[in-house]
Amino acid sequence: MIQFVVEDRTGDRQPVEVPGGIGLNLMEVLKASDYTIQATCGGMALCATCHVQVLEGHDNLPPVSDAELDILDTLPTAHPDSRLACQLRVEECMEGALFRIASEEP
Ligand code: FES
């Protein structure tokens, strides 16, 4: 099991457990966990509605791709620890991370 914590838009934090090796990205897991994420582009790194801030564990994640960076650069609300959840495959490297859902309420 991979375990991390998600902070929703109200500041409420809940642990999320995901079986290892399921091959989903973080956006898909958040949606499956009933968080409201629009994900209009379906995970193509185009819409930025899956924007999360990685408050803990940022350095353990794979580097940002050029496509992801291009989109993050267009976001006025982006932080140095911002990522697109759809570009993050849920893997061991997320163990213990803390993600804040940063996108606007759909
Ligand atoms: S779902 Fe559109 S950028 Fe992630």
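Coordinates for the structure precede this section.
Caption draft 1: Molecular detail of the overall build of the chain. The helix and strand tally for the chain stands at 2 helices and 5 strands. When the helices and strands of the chain are read in sequence order from the N terminus, they spell out β-β-α-β-α-β-β. On C-alpha atoms alone, the chain measures out to a radius of gyration of 12 Å, which is about the 13 Å that the 2.2 N^0.38 rule sets for 106 residues. Expressed as lengths along the three principal axes of its C-alpha atoms, the size of the chain is roughly 35 × 30 × 25 Å. With 106 residues in all, the chain has 41% of them scored as buried. Partitioning the contacts of the chain with sequence separation of at least 6, the portion at a separation of at least 24 is 64%. Summed over all atoms, the accessible surface of the chain reaches about 5,700 Å², with 49% contributed by carbon and sulfur. Of the side-chain charges in the chain, 6 are positive and 18 negative, and the distance between the mean point of each set is 3 Å.

Caption draft 2: Highlighting the nonpolar core. If you look at the biggest cluster of nonpolar residues, it comprises 30 residues, and the most contacted ones within it are Phe4, Leu26, Met94 and Phe99. Ranked by residue count, the leading element in this core is helix α1 (residues 26-32), at 4 residues. Look past the residues within four positions of Phe99 in its chain and what remains in contact with it is Phe4, Val5, Val6, Glu7, Leu26, Val52, Gln53, Val54, Leu61, Leu88 and Met94.

Caption draft 3: Local environment of the pattern of salt bridges. A complete count under the given rule lists 3 salt bridges for this structure. One salt bridge connects Glu7 with Arg13, and the closest N-O pair in it is separated by 2.8 Å. Look at Glu7 and you get buried, because its relative accessible area is 7%. For the salt bridge of Arg100 with Glu7, the shortest nitrogen-to-oxygen distance reads 2.8 Å. Of this pair, Arg100 sits in strand β5 (residues 98-101) while Glu7 sits in strand β1 (residues 2-7); the two residues are 93 residues apart in sequence, bridging distant segments of the chain. Each of Glu7, Arg13 and Arg100 takes part in one network of salt bridges that share partners.

Caption draft 4: Structural context of the environment of Gln38. On the secondary structure map, Gln38 appears in the loop between α1 and β3 (51-56). Sequence separation between Gln38 and Asn25 is 13 residues; the distance between their C-alpha atoms is 14 Å.

Caption draft 5: Spotlight on the pairing of β1. Bridging between β1 and strand β2 (residues 13-18) involves 6 bridges; their strand directions are antiparallel. Bridged to Ile2 within β2 is Val18. Linkage of β1 to β2, two consecutive antiparallel strands, is achieved through a turn of 5 residues, within which Gly11 is found at a positive phi near 90°.

Caption draft 6: Representation of the environment of Gln3 in the model. Examined against the element boundaries, Gln3 turns out to sit in strand β1. Overall, Gln3 belongs to the partly exposed group, its relative accessible area being 34%. Considered as a pair, Gln3 and Asp70 are 67 residues apart in the sequence and their alpha carbons are 29 Å apart. Apart from residues no more than four positions distant in its own chain, Gln3 is found in contact with Pro15, Val16, Glu17, Met94, Glu95, Gly96 and Ala97. There is a polar contact of 3.4 Å between the side chain of Gln3 and the side chain of Glu17.

About the thresholds
- Residues numbered from 1 in each chain as written.
- Predicted model: local features only at pLDDT ≥ 70, side-chain atom pairs only at ≥ 80, totals over all residues.
- Heavy atoms only, no water.
- Helix = DSSP H or I, 4+ residues; strand = E, 2+ residues; numbered from the N terminus.
- Rg over C-alpha atoms; globule rule 2.2 N^0.38 Å.
- Buried < 20%, exposed > 50% of the residue type's maximum accessible area, 1.4 Å probe, protein only.
- Contact = heavy atoms within 4.5 Å.
- Areas by Shrake-Rupley, 256 points an atom, 1.4 Å probe, with all protein chains shown as cover.
- Lys, Arg positive; Asp, Glu negative; His and termini not counted.
- Charge placed at Lys NZ, Arg CZ, Asp CG, Glu CD.
- Core = buried A, V, L, I, M, F, W, Y, C linked by side-chain atoms within 4.5 Å.
- Salt bridge = Lys/Arg side-chain N within 4 Å of Asp/Glu carboxyl O.
- Pairing = 2+ DSSP bridges.
- Polar contact = N/O pair within 3.5 Å; in protein donor to acceptor, adjacent residues only side chain to side chain.

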